[in-house]
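Here's the letter readout for the chains.
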Amino acid sequence: MGTFELGGDLRVNRIGYGAMRLAAPPEPGFDPGMGHIWRAPVGREAASAVLRRAVELGVNLIDTADSYGLGENEELIAEALRPYADDLVIATKVGVVRPSPLEWVPLGHPAYLRQQTELSLRRLQVERIDLLQLHRIDPDVPLADQIGALKQLRDEGKVRHIGLSEVSVQQLRDAAEITPIASVQNMYNLVTRQHEDVVDYAAENGIAFIPFFPVAMGEHAGADGPVAVVAKEVGATPAQTALAWLLRRSPTVLPIPGTTSIAHLEENFAAGGVELSDEQYERLSELEV
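Thresholds, definitions, all that
- Residues numbered from 1 in each chain as written.
- Predicted model: local features only at pLDDT ≥ 70, side-chain atom pairs only at ≥ 80, totals over all residues.
- Heavy atoms only, no water.
- Helix = DSSP H or I, 4+ residues; strand = E, 2+ residues; numbered from the N terminus.
- Expected span 1.5 Å × (residues − 1).
- Buried < 20%, exposed > 50% of the residue type's maximum accessible area, 1.4 Å probe, protein only.
- Arc of directions from axis to C-beta.
- Contact = heavy atoms within 4.5 Å.
- Phe/Tyr/Trp six-rings, centres within 6.5 Å; stacked < 30°, edge-to-face > 60°.
- Lys NZ or Arg CZ within 6 Å of the ring centre and 35° of its normal.

Novice: Before we go on, may I ask you to explain helix H1 (residues 44–57) in this structure?
Specialist: With 14 residues, H1 ought to run about 20 Å at 1.5 Å a step, and its terminal C-alpha atoms sit 20 Å apart, in line with that. Along H1, the residues that are buried comprise Ala47, Ser48, Val50, Leu51 and Ala54. End-on, the buried residues of H1 take up no more than an arc of 150°, which puts them together on one face. In H1, the exposed residues that point more than 90 degrees away from the buried face are Glu45, Ala46 and Glu56. Count one or two residues on from H1 and you reach Gly58, which has phi positive near 120°.

What follows is the structure, encoded as structure tokens:
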């Protein structure tokens, strides 16, 4: 699996954990596919057990956001994992407001970003956030103002490193002119590859690329599909094979698969031991997307 020095000084194992999935199921009447992430899970102890098992396995990068469960996801992490291990890196995000279960609205007013960071500090019960990411760029607020607010927080010692989410290469460049950018979190997997240029730019500049929804395989996920064929060849599951492909794609890629199952968590983390040959990697890379 290897490790990566996030921001140049935080050594993390390259498979992390995305905590977004730790949420209550949609209420009656809501489409479960929408993933509204509106409340914390009813079974908090089971969710806490997943988080604790992740740390036991060696996961030391956990990703959350202030908008997951309106802050309850951050509270759950603190409840389950404090006192935090010395090498545990917790990344959170600000910059999205949730007026209803199915609405995710970018809000990049500097005062809002600073307020939400203060609330995240309280909920996570930390004095400094290891990685604070701008959840989405607000098109109605100048980028310099949004990044400037995060830089101010870092200058105040409340944030260690700054990241972005769902951005282009040009937006990364523009933000980096204001302050160093340690990470970018975009959707990326075997069948969702519209951010190839961002993956390459991140690798060239030592920036962590944190793909969310990393194990999606689309129509290739069938029992006789190409991912399953390679998985059988290497003695792994299709999900492990998809993660192994991501790890091979770039040395700065840090997948954060999420799950509510300890068994799936263990399966995902074990993907770090799956090795693809050059031919197998190329075969997967050539899949139609």
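From this point on, the discussion continues.
Novice: Help me understand the environment of Val159, please; the structure alone is not making it clear to me.
Specialist: Within the secondary structure layout, Val159 lies in strand S9 (residues 159–165). Classification of Val159 as buried rests on a relative accessible area of 2%. Sequence separation of Val159 and Glu288 is 129 residues, and the distance between their C-alpha atoms is 40 Å. Look past the residues within four positions of Val159 in its chain and what remains in contact with it is Thr117, Arg128, Ile129, Leu132, Leu153 and Arg154.

Novice: Which parts of the structure should I look at to understand the packing of aromatic side chains?
Specialist: Geometry of an aromatic ring pair is reported as the spacing of the ring centres plus the angle between the planes. Here the structure, examined in full by the defined rule, presents 5 aromatic pairs. Both rings, one in Tyr68 and one in Trp104, keep their centres 6.3 Å apart while their planes meet at 70°; by these two values the pair is edge-to-face. Here Tyr68, found in the loop between strand S4 (61–63) and helix H2 (72–81), pairs with Trp104, found in the loop between strand S6 (96–97) and strand S7 (105–106); they are 36 residues apart in sequence, far enough to count as distant. According to the relative accessible area criterion, Tyr68 is buried, its value standing at 5%. When the ring of Tyr188 is compared with that of Phe209, the centres are 5.6 Å apart and the planes differ by 85°; the resulting orientation is edge-to-face. Of this pair, Tyr188 sits in the loop between strand S10 (183–185) and helix H6 (196–204) while Phe209 sits in strand S11 (residues 208–209), placing them 21 residues apart in sequence. Across the pair, exposure class does not vary: Tyr188 and Phe209 are buried alike. An aromatic cluster is present here, built from Tyr188, Phe209, Trp245 and Tyr281 joined pairwise through their rings. Taking NZ or CZ as reference, Arg98 lies 3.7 Å from the ring centre of Trp104, over its face. Directly above the ring of Tyr281 sits Arg248, whose terminal nitrogen or CZ lies 4.9 Å from the centroid.

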